[in-house]
Amino acid sequence: MKKVGIVMGSDSDLPVVQKAIDTLKAFGVPYEVHIFSAHRTPEQSAKFAREAKENGFGVLIAAAGMAAHLAGSIAAGTILPVIGIPCKSNTLDGIDALLSTVQMPSGIPVATVAINGAVNAALLSVQILALSEPELAEKLTEKRNADAASVLKKDSEIAAKL
Ligand code: RP5
């Protein structure tokens, strides 16, 4: 199975990224985690993107906050799908990173999830890999069914209580 590459701009992004890691683990999807910054280590970040396909990755997740150029700059170096996670920082509630990540000019797409949306980034990457991995598709359907069952259980509990 192809790997998911997770890159974060700083170790301060790890509390957000950890949720993506946990989700990938739950699906048994192989992954690698790196800290590369579009601003502080641009050469390493570009090399990772350039070599990602030949290094066995099928999809990349890039998480960064503030003036978040990581996902866009990684997407510029690869034709693999890139999912951007805008991370919330202390000043602008993550709107800065959201706009920096989502507003890509035509030609270089970044599939941007919600601010701190690490779980969805992981799920989307599993969905992409599931296109060629039938057992992942099955696990995704099972998870959807389990999530729905849990909501329905809460519905009957609240109906009985109120
Ligand atoms: C971004 O700047 C990182 O992705 C992080 O979200 C933010 C702050 O980085 P640190 O100053 O905490 O290293 O590049």
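Scroll up to find the structure.
Just so we're clear, the structure is a prediction, and the values are computed from it rather than from any experiment. (Residues numbered from 1 in each chain as written. Predicted model: local features only at pLDDT ≥ 70, side-chain atom pairs only at ≥ 80, totals over all residues. Heavy atoms only, no water.)

Enquirer: Explain the pattern of salt bridges to me, using residue names and the numbers behind them.
Expert: Taken as a whole and assessed by the stated rule, the structure comprises five salt bridges. Among the salt bridges present, the one from K88 reaches D93, with a minimum N-O distance of 3.9 Å. According to the relative accessible area criterion, D93 is partly exposed, its value standing at 47%. A salt bridge links D147 to K143; its shortest N-O distance comes to 2.8 Å. Residue D147 and its partner K143 are both found in helix α6 (residues 134-161); the two are separated by four residues, about one turn of the helix. The partly exposed category is assigned to D147, whose relative accessible area is 37%. Using a relative accessible area of 29% as the deciding quantity, one classes K143 as partly exposed. (Salt bridge = Lys/Arg side-chain N within 4 Å of Asp/Glu carboxyl O. Buried < 20%, exposed > 50% of the residue type's maximum accessible area, 1.4 Å probe, protein only. Helix = DSSP H or I, 4+ residues; strand = E, 2+ residues; numbered from the N terminus.)

Enquirer: Any details on the sheet that holds strand β5 (residues 111-112)? Residues and values, ideally.
Expert: In space, the five strands of this open sheet follow the order β2-β1-β3-β4-β5, with parallel pairing throughout. Either end of the sheet is taken by a strand with one partner, and the two such strands are β2 (31-35) and β5. Pairing of strand β4 (residues 82-87) with β5 involves two bridges; the strand directions are parallel. Pairing of I83 across the sheet is with A111, part of β5. Strands in contact with helix α1 (residues 14-27) are β1 (3-8), β2, β3 (57-65) and β4; relative to β1, the strand with the most contacts, it is inclined by about 175 degrees. Packing against the sheet, helix α4 (residues 95-102) makes contact with β3, β4 and β5, and its axis sits at approximately 160 degrees to β4. (Pairing = 2+ DSSP bridges. Contact = heavy atoms within 4.5 Å. Axes fitted to C-alpha atoms, helices over the stretch in contact; angles between N-to-C directions.)

Enquirer: I'd like a rundown of unusual backbone geometry, residues and numbers included.
Expert: One non-glycine residue, M66, lies in positive phi territory at about 60 degrees. Looking at where M66 falls in the secondary structure, it is placed in the loop between β3 and α3 (70-76). Residue classification places M66 among the exposed residues on the basis of a relative accessible area of 52%. Non-glycine residue D93 carries a positive phi angle of around 60 degrees. Inspection of the secondary structure assignment puts D93 in the loop between β4 and α4.

Enquirer: Give a description of the packing of α1 against helix α5 (residues 118-130) that names residues and reports values.
Expert: Contact pair α1 / α5: the axes reach a minimum separation of 7 Å and the direction vectors enclose 35 degrees. The way α1 lies across α5 gives a crossing that is right-handed. Mapping the contact onto sequence places V16, K19, A20, T23, L24 and F27 in α1 and A118, V119, A122, L123, S125 and V126 in α5. Grouping the amino acids of the contact of α1 with α5 by side-chain chemistry returns nine nonpolar, two polar and one charged. (Left-handed = near helix turned anticlockwise from the far one by under 90°. Nonpolar A, V, L, I, M, F, W, Y, C, P; charged D, E, K, R; others polar.)

Enquirer: Break down the site of the ligand for me, citing the residues and quoting the values.
Expert: Taken together, G9, S10, S12, D13, R40, A64, G65 and M66 form the complete shell of residues around the ligand. In the model, an oxygen atom of the ligand is placed 2.7 Å from a nitrogen or oxygen of the S12 side chain. Contact with the protein chains removes 72% of the 360 Å² of surface that the ligand exposes when unbound. Its atoms largely coinciding with the cavity grid, the ligand occupies the largest pocket. (Near = heavy atom within 4 Å. Polar contact = N/O pair within 3.5 Å; in protein donor to acceptor, adjacent residues only side chain to side chain. Areas by Shrake-Rupley, 256 points an atom, 1.4 Å probe, with all protein chains shown as cover. 1 Å grid on protein atoms, 1.4 Å probe; cavity = no way out; pocket = protein on both sides within 12 Å on 5 of 7 lines; lining within 4 Å. Sits in = over half its atoms within 2 Å of the grid points.)

Enquirer: Mind laying out the environment of V82, listing which residues take part and the relevant values?
Expert: Note that V82 resides in strand β4. Look at V82 and you get buried, because its relative accessible area is 3%. With 24 residues separating them along the chain, V82 and G58 place their C-alpha atoms 9.6 Å apart. When near neighbours in sequence (up to four residues on either side) are disregarded, V82 contacts L60, A71, I74, A75, V110 and A111.

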